[in-house]
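Below, each chain spelled out in residue letters.
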Amino acid sequence: MSKADARSAPAGKVFAQNQRIAELQRNGMIGPARLLAEPAYQKFLAAEPFFRRAIPVLTIIFLVIIGAVRFVTLTNQRDFLISQAKSHVSLTAALIDARANAIPESAS
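Only a predicted model underlies this, so the values are computations on that prediction, with no experimental measurement involved.

A. Quick look at a nonpolar patch on the surface. A surface patch of nonpolar side chains, about 490 Å² in accessible area, is lined by Y41, F44, L45, F50 and F51. As for its placement among the helices and strands, L45 is situated in helix α3 (residues 32–102). On the basis of relative accessible area, L45 is assigned to the partly exposed category, the value being 35%.

Here's what the structure looks like:
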């Protein structure tokens, strides 16, 4: 069992990379990138609470917009189907009328 634990323990480059990543996460950025991006990064960190509060509101707005678009689409589809049905009924009535008038009257 002790050998299995030793095999899974981090060593060498992997362990050093994990330590470096942890250090970068603690300190933000290092080197020239810090000089260039640190002011923008600090502004982003200052605005983060606003973004956290805005996400649920933006999600609700997005869902309302999607619902409104779906409602308009269904309404337009309904209107189209009703107009098509009226057109089919009027064409059918005209066809029945034409065929009824084409039948010769039988002698009585």
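Picking up after the structure, the text goes on.
B. Main features of the packing of aromatic side chains. Inspection of every chain in the model, using the stated rule, returns two aromatic pairs. Ring centres 6.0 Å apart and planes at 35 degrees place the aromatic pair F44 and F51 in the tilted group. Considering the side-chain rings of F50 and F51, the 5.8 Å spacing of their centres and the 55 degrees angle between planes classify their relative orientation as tilted. One aromatic cluster in this structure is built from F44, F50 and F51.

C. Representation of the confidence of the model for the chain. Predicted confidence across the chain gives a mean pLDDT of 81, with 69% of residues reaching 70 or more. The secondary structure element of the chain with the lowest average pLDDT is helix α1 (residues 2–8), at 56, and the one with the highest is α3, at 92.

D. The arrangement of the pattern of salt bridges in detail. Taken as a whole, this structure holds two salt bridges when the rule is applied. Among the salt bridges present, the one from E48 reaches R52, with a minimum N-O distance of 3.0 Å. Taken together, the residues E48 and R52, both in helix α3 and four residues apart, mark about one turn of the helix. Judged by its relative accessible area of 59%, R52 is exposed. In this structure, the salt-bridge partner of R78 is D79, at a minimum N-O distance of 3.7 Å.

Quick notes on the rules
Residues numbered from 1 in each chain as written. Predicted model: local features only at pLDDT ≥ 70, side-chain atom pairs only at ≥ 80, totals over all residues. Heavy atoms only, no water. Patch = residues over 30% accessible without salt bridge, like charges linked within 9 Å, V, L, I, M, F, W, Y side chains within 5 Å. Areas by Shrake-Rupley, 256 points an atom, 1.4 Å probe, with all protein chains shown as cover. Salt bridge = Lys/Arg side-chain N within 4 Å of Asp/Glu carboxyl O. Helix = DSSP H or I, 4+ residues; strand = E, 2+ residues; numbered from the N terminus. Buried < 20%, exposed > 50% of the residue type's maximum accessible area, 1.4 Å probe, protein only. Phe/Tyr/Trp six-rings, centres within 6.5 Å; stacked < 30°, edge-to-face > 60°. pLDDT = per-residue confidence, 0-100.

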